[in-house]
Structures are given as structure tokens and as C-alpha cells.
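Understanding the architecture of this molecule
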Amino acid sequence: MLTVDLALEQLLAAARPLTDSLTVPLTAARGQVLAHAVTSSIDVPAFDNSAMDGYALHVTDFAAAPLAEFALTQRIAAGDVGAPLAPGEAARIFTGAPLPPGANAIAMQEDCTVEAGAVRVSGPLREGQHIRRSGEDVAQGTVVLPAGTRLRATELGLAAAIGVAELAVLRPLRVALLSTGNELVEPGDALTPGKIYNSNRYMLRALLEDMGCVVTDYGIVADELELTTRLLGEAAAGNDVVISTGGVSVGEEDHVRAALQTHEWLALWKIAMKPGKPFAFGRIGDADFIGLPGNPVSSFATFTLLVRPFLLARLGVSESLPHLWLPAGFSRPKPIPRREFLRVRIEHGHAVPYANQSSGVLTSVVWADAFAVVPEHSTLEEGDPVRIIQLALLER
């Protein structure tokens, strides 16, 4: 069996980054991936400005005894431009307003009193106090967003802050999704004996769309070799990646494997992970093919830990799984040969597992907020440190 690390390594090595790009406004760029680096053409801030409401003055005047008061000569709000200060003068200034020439400090309004057109400062005061300097956030010519950046709200805000209205992004990945199995029926249909509802279709489609993929959904594909072969060919012709669930094992009714034998290449992997053992990876024409196990938790785990990084790599994004270490709220006294990904919830600083860890128990994924990783051939005592992969961070 392949280790999880080796399987991921081979997937990432086979990922062919997209090169097609399009230009979109900021309002349409959320979740997309930058095709080209973004360099700032301006300083941010563009001018020295006040970090708070107060009074702009010069510290030399403040230190020159016996001068204790400043003549209040102007008022500068955000968006205004003040006049130069003469010695002994101060300007009423508000947060974000440009610093007037002749000022080099801001006295907080809480430290000041105003009477008869003059302001008295109770100090202390130092040069540069409460001033945001030009370019202290972003200097002109700085690369603020490298190519391959996934655009979240914060990145879009930064692009707007440097005056960029449009961004060149990679076109979305086109992904075909097929659910194989005669046992499957759609939600809303009658559940006759021997049938189960198709949960993988809706879970995987949502995961793909959350990543910005354009999904072509083929629904349920019956366990028929001719039909499976035809639909896989159709799916590959119009998409970058084809993903199926079920049918990749070695049983007589596992027709995905048989249908793919005539194509360029197919690797049938047994991955040393629990849940999620059967896995297929290959190519149908120019489209990548990924076959996931049919059990819903196995499908979720293999998608999260293997397929998602592969799809990101095709978009030029390199992203490590976010993790931390916490005390285990469980024990594993007997080692197993596969790396185990337990569905856990973080409670009182410990990783507490769901009671039923079966690969068919989808409630465990809904309940959990993380995977706890138990290495292959390892044991754990309660309280030992265990690596935690937080599921919410994978959705960013």
C-alpha cells in the first residue's frame, strides 16, 4: 500500500498547472486564483496622516519653555488638506487626515484642553507620535499579491487599497462528477429495499464549488460497462478533471476500473489510510481522472487530504495542511498499519473523538471540527500529543 505522503507526492507531481486566464473586476474575484503577481504603483498610505483624533503640532515648540499653549489656527478633517503650521501653532486634526507641513506629532485629544482659541497639551509628546507614515503599509513597487494567491476578502481589500480595480485570474477548473452504483437513489425518491441515498454527490459538489470549480454533474451512473465507458469519455472531453465515487475496486460490479483500462494510464492505489483505502488516479485523454471510494466518510477524507491539494496544485497554489498539536482525549494501545484520521472535536484543549469512527457514519464529519492523525504503526496514550488538522481552515 502507498503511504499517504507518497500518494500526495505523486499526485502533486502529476498536477499540470492551468495557464488560461481572464480579467475580472474585484467584485467577481473572490475565491479565484491570481494568474499574475500584483505590484503596487503607490505608497500606502499615500501621505503622512493622523492615527487618531487630536492636535497636530511641532514637538520643538512644545519643548520650548515657557511656551505652554498653541494657537489653534485650522481644522483638518479626513479628505482635507491643511495649510503649513507656523511656529507655535496647532491644527485640530482627525483620524486619517493629512499631516500639515510644519507638524511632526499628534497630541491625543484626551491630553488636550482648548480655551479661547488656544490648545494646551498635558504631554508627554515625542516626534512621530500617532502619525502613520507614507508607505508604512505598502511601499511603491512592492509585490503585494504573488501569482497563485487564492483571493479571499483580505486579499481583495488589499488590491482595492492600492487602487487595483481588476485582476487577472486563472479560469476555474472544469470538473465532471459521477456517482456510480446501482444501489444509489436521489434524495426525494422512494427508498426501496437495498437502496441508499446518494450523499456523496451533494457533498463533493459543494466541496468543489467552494473551491471555485465549475462542476458538470452527471448524477448517478448505473453499474453497466458500456454506459460507464461512454459517460467517462464524454466527461473527459469537456472537463479538466473527472471525479467518480465507487466502482474503482476489483469486484465484478466495479465497472469504472474496467472502463478505464483502454485509456492512457490508470493507477489503482491502495492507500495506507483509514478511512479511505481504494483510490484511483489516471488520465482519460487530456483530463485527469480521480476515483474515490464509495463510503461517504472515506470519500470526504480522501477528497480533503489528497484531491483538494491536487486541484489547488493545478491552479498553481501550494498549500500545506494547517495543523496544530493537542493532547489526545483517547488512546490507541494497538498499532495499525494504516494512518488513521479520527474525526474529533476540540473540547477543553483536548482532541475528543466521535464515538463511532466507521467510514459510513457521515454524522461523525458533521459533528467533528478536525481530524486527529494517528501515524501508522504507532500507539497513543490518552494525553499524548496528537496532530490535529482543523477542517474549518481547509475551507478558506
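Quantities reported herein were computed from a predicted structural model and do not represent experimental measurements.

Things to note about helix α4 (residues 199-210)
Turn by turn, an α-helix covers 3.6 residues, leaving residues three or four places apart pointing in a common direction. Between its terminal C-alpha atoms α4 stretches 17 Å, which fits the 16 Å expected from 12 residues at 1.5 Å a residue. Those residues of α4 that fall on the buried side of the exposure criterion are Asn200, Arg201, Met203, Leu204, Leu207 and Leu208. Those residues of α4 that are buried are in contact with β13 (174-180), β16 (214-221), β17 (241-245), β21 (287-292) and α7 (296-314). Looking at where α4 begins, the residue whose side-chain oxygen comes 3.3 Å from the main-chain nitrogen of Arg201 is Asn198. Gly212 sits one or two residues past α4 and shows a positive phi near 90°.

Overview of the pattern of salt bridges
Under the counting rule described, the total for this entry stands at 18 salt bridges. A salt bridge links Arg339 to Asp5, with the shortest nitrogen-to-oxygen separation between them at 3.1 Å. Residue Arg339 is located in strand β23 (residues 339-347), and its partner Asp5 is located in helix α1 (residues 4-14); the two are separated by 334 residues in the primary sequence. On the accessibility criterion, Asp5 (47% relative accessible area) is partly exposed.

So, the environment of Ala71
Tracing the sequence through the fold places Ala71 in strand β5 (residues 69-76). Under the relative-accessibility criterion, Ala71 is labelled partly exposed at 37%. As for Ala71 and Leu342, which are separated by 271 residues in sequence, their C-alpha atoms are 69 Å apart. If sequence neighbours within four positions are ignored, Ala71 has contacts with Gly88, Glu89, Ala90 and Gly117.

Remarks on the sheet that holds strand β8 (residues 112-115)
The mixed open sheet is built from 6 strands, whose spatial order is β7-β4-β6-β5-β9-β8. With partners counted over all chains shown, the strands left at the sheet margins are β7 (105-108) and β8, one partner each. Taking the axes of each pair of neighbouring strands and ignoring which way they run, one obtains an average angle of 40° across the sheet.

Observations concerning the packing of aromatic side chains
In this description, a pair of aromatic rings is defined by centroid distance and the angle of the planes. Across all of its chains, the model carries 6 aromatic pairs by this definition. Between Trp269 and Phe281, the aromatic rings sit 6.0 Å apart at their centres with planes inclined by 40°, giving tilted as the arrangement. Of this pair, Trp269 sits in strand β18 (residues 265-270) while Phe281 is found in strand β20 (residues 278-284), placing the two residues 12 residues apart along the sequence. For Trp269, a relative accessible area of 11% translates into the label buried. Each ring, one from Tyr354 and one from Trp367, has its centre 5.2 Å from the other, and the planes form 55°; the classification is tilted. Placement of the pair is Tyr354 in the loop between β24 (350-353) and α8 (363-367) and Trp367 in helix α8, with a sequence separation of 13 residues.

Thresholds applied
- Residues numbered from 1 in each chain as written.
- Predicted model: local features only at pLDDT ≥ 70, side-chain atom pairs only at ≥ 80, totals over all residues.
- Heavy atoms only, no water.
- Helix = DSSP H or I, 4+ residues; strand = E, 2+ residues; numbered from the N terminus.
- Expected span 1.5 Å × (residues − 1).
- Buried < 20%, exposed > 50% of the residue type's maximum accessible area, 1.4 Å probe, protein only.
- Contact = heavy atoms within 4.5 Å.
- Polar contact = N/O pair within 3.5 Å; in protein donor to acceptor, adjacent residues only side chain to side chain.
- Salt bridge = Lys/Arg side-chain N within 4 Å of Asp/Glu carboxyl O.
- Pairing = 2+ DSSP bridges.
- Axes fitted to C-alpha atoms, helices over the stretch in contact; angles between N-to-C directions.
- Phe/Tyr/Trp six-rings, centres within 6.5 Å; stacked < 30°, edge-to-face > 60°.

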